[in-house]
Amino acid sequence: MLGRTLGEVSAALKQGQITPTELCQKCLSLIKKTKFLNAYITVSEEVALKQAEESEERYKKGHSLGDLDGIPVAVKDNFSTTGIETTCASNMLKGYVPPYNATVVQKLLDQGALLMGKTNLDEFAMGALGSDTGGSTRNPAAHCGVVGLKPSYGLVSRHGLIPLVNSMDVPGILTRCVDDAATLLGVLAGHDYKDSTTVQDPVKSFKLPSLTDVSKLCIGIPKEYLVPELSSEVQSLWSKAAKLFESEGAKVIEVSLPHTSYSIVCYHVLCTSEVASNMARFDGLEYGHRCDINVSTEAMYAATRREGFNDVVRGRILSGNFFLLKENYENYFIKAQKVRRLIANDFVNVFNSGVDVLLTPTTLSEAVPYVEFIKEDNRTRSAQGDIFTQAVNMAGLPAVSVPMALSNQGLPIGLQFIGRAFCDKQLLTVAKWFEKQVQFPVIQFQEIMGDCSSVFENDLASVSLKQ
């Protein structure tokens, strides 16, 4: 049951093939067995079981709340959750228990979803996991063989999402298939008076039609994304995907996004500048970690932030404050904002030329073996990881990573589709068609779990997935 899609599990619950409590217990059991993966910071077992009992009662009375009733969900630990510790994987927020739920969390709970717990991430989501600020949903999705959706900026509320970069953060969705992503987007999307950046519902329903004819589609292939660092295997799959659309009658053309080469530097300046501003609230006074030093207020501030933040966070705070200095503001921050506008206009010009969707790689290669991963510094790792994804966040566009194939090493590789702003439904409809054509193999994680745990402990370099 745990290997099925959201739609399949929802149908099984409605038909009585399994109860919410049984499903919840299966999930909790798997979480415990996979503890070695360090995927969860907090497991809310009691909360989930209570929610499962309530869901079970609703099913018995025929009062199901919808497709999510009784469905287990996990939430990254940078979304506020009432009564459940929310740490952003940082010592700075250790012990912090929010008095409210993030809007997206509350919407899931209102539909009867079961909150299994809070999952791990780089501190304050400053690496390749968490909410999607520069690719942090799509990159892990590509490496794990699942669908990763970054909705249009403003479509889903950010209220209760502890901010990293306010102008780019978007709650992301990770699911087994495109239809499931659309189902969740339908629940989460919509105006929220608590988030002034959200818009009134541009789409009333995200139920996807079955696209059978792609002959009227125009697929754009950005030539700037063909970078030297791109692995031959990913490049081959990218080309194969383009030919697939072409063979079915779609128009596939090469397009240009001329300011792409500036996007990484621009993203770094803007990202660290907003990080410096957002992290200023963590001063050891109102909430979170506070050091024992009481010599002076300044000494307390400094020691608290030194103890509470790791090297990566402190480094980005320092960089951001440098860019925001009075003597640097015009030369760095303002210039980066101007370049951001040029990057956004590149996308506008391409879509105005008649292109419906852009097709690009999601990552440079398959997942890097752990022993190689730890040799890279964070700056190199971040730049390489977000090379195809961060421009979308600066432009506020929707994008989705869809798994296409397993590499020669048995690891997943995904491709990215980019759509027009607030045309998320069209984007997902195209992605669903592509998903159906490629028939990516279902990865049965449970079957390899035992072997994987021993490998994880002894030889992390040789981990691969079986189908």
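Keep in mind it's a predicted model, so treat the numbers as computed, not measured.

Considering the pattern of salt bridges
Per the counting criterion, the structure on display carries 9 salt bridges. Residue D67 pairs with K14 through a salt bridge whose shortest N-O separation is 2.6 Å. With a gap of 53 residues between them, D67 in the loop between α3 (45-61) and β2 (72-76) and K14 in helix α1 (residues 6-14) connect regions that are remote in the sequence. Judged by its relative accessible area of 46%, K14 is partly exposed.

A few points about a nonpolar patch on the surface
A surface patch of nonpolar side chains, about 420 Å² in accessible area, is lined by V368, Y370, V371, F373 and I374. Within the element layout of this structure, I374 appears in the loop between α12 (370-373) and α13 (378-385). The exposure class of I374 is partly exposed, given its relative accessible area of 48%.

Describing the pairing of strand β8 (residues 357-361)
The two faces of a sheet get side chains in turn, since along a regular strand they alternate between them. A large share of β8 lies buried, amounting to 5 of its 5 residues. For strand β6 (residues 218-222) and β8, the ladder comprises 2 bridges, and the chain directions are parallel. Bridge pairing in β8 links I219 to V357. When β8 meets strand β10 (residues 412-418), the two strands line up antiparallel, connected through 4 bridges. Opposite T360, over in β10, you have Q416 as the bridge partner.

Regarding the environment of A48
Position of A48 among the secondary structure elements: in helix α3. Its relative accessible area of 0% is what places A48 among the buried residues. For A48 and G117, which are 69 residues apart along the polypeptide, the C-alpha to C-alpha distance reads 8.1 Å. Those residues in contact with A48, other than ones at most four positions away along the chain, are C24, L114, L115 and M116.

With respect to the packing of aromatic side chains
Applying the stated criterion across every chain, the model contains 14 aromatic pairs. With 5.8 Å between their ring centres and 65 degrees between their planes, F322 and F323 make a pair best called edge-to-face. Exposure remark for F322: the relative accessible area of 39% places this residue in the partly exposed category. Geometrically, the ring pair formed by Y329 and F333 is stacked, given 5.3 Å between the ring centres and 25 degrees between the ring planes.

Topic: the packing of helix α8 (residues 263-279) against helix α11 (residues 330-352)
Running from N to C, α8 and α11 cross one another at 125 degrees; their axes reach a closest spacing of 9 Å. In terms of their interaxial angle, α8 and α11 are classed as oblique. Along this stretch, α8 crosses α11, giving a crossing that reads as left-handed. The residues of α11 that touch α8, namely those facing S263, C266, V269, L270 and S273, are Y332, F333, A336, Q337, V339, R340 and I343.

Here we look at the sheet that holds β2
Spatially, the 3 strands line up as an open sheet ordered β1-β3-β2, and their pairing is mixed. Looking at which strands have only one partner, the edges of the open sheet turn out to be β1 (40-43) and β2. Within this sheet the neighbouring strands show an average axis-to-axis angle of 30 degrees, counted without direction. Examined bridge by bridge, β1 and strand β3 (residues 114-119) share 3 bridges and lie antiparallel to one another. Of the residues in β3, the one forming a bridge with Y40 is T119. Each of β1, β2 and β3 touches helix α2 (residues 20-33); the most contacted strand, β3, lies at about 15 degrees to it.

Considering unusual backbone geometry
Even without glycine at this site, A89 takes up a positive phi of about 55 degrees. Assignment of secondary structure puts A89 in the loop between β2 and α4 (103-110). The phi torsion at F422 lies on the positive side, around 65 degrees, for a residue other than glycine. On the accessibility criterion, F422 (29% relative accessible area) is partly exposed.

Procedures and definitions
Residues numbered from 1 in each chain as written. Predicted model: local features only at pLDDT ≥ 70, side-chain atom pairs only at ≥ 80, totals over all residues. Heavy atoms only, no water. Salt bridge = Lys/Arg side-chain N within 4 Å of Asp/Glu carboxyl O. Helix = DSSP H or I, 4+ residues; strand = E, 2+ residues; numbered from the N terminus. Buried < 20%, exposed > 50% of the residue type's maximum accessible area, 1.4 Å probe, protein only. Patch = residues over 30% accessible without salt bridge, like charges linked within 9 Å, V, L, I, M, F, W, Y side chains within 5 Å. Areas by Shrake-Rupley, 256 points an atom, 1.4 Å probe, with all protein chains shown as cover. Pairing = 2+ DSSP bridges. Contact = heavy atoms within 4.5 Å. Phe/Tyr/Trp six-rings, centres within 6.5 Å; stacked < 30°, edge-to-face > 60°. Axes fitted to C-alpha atoms, helices over the stretch in contact; angles between N-to-C directions. Parallel < 35°, antiparallel > 145°, perpendicular 65-115°, else oblique. Left-handed = near helix turned anticlockwise from the far one by under 90°.

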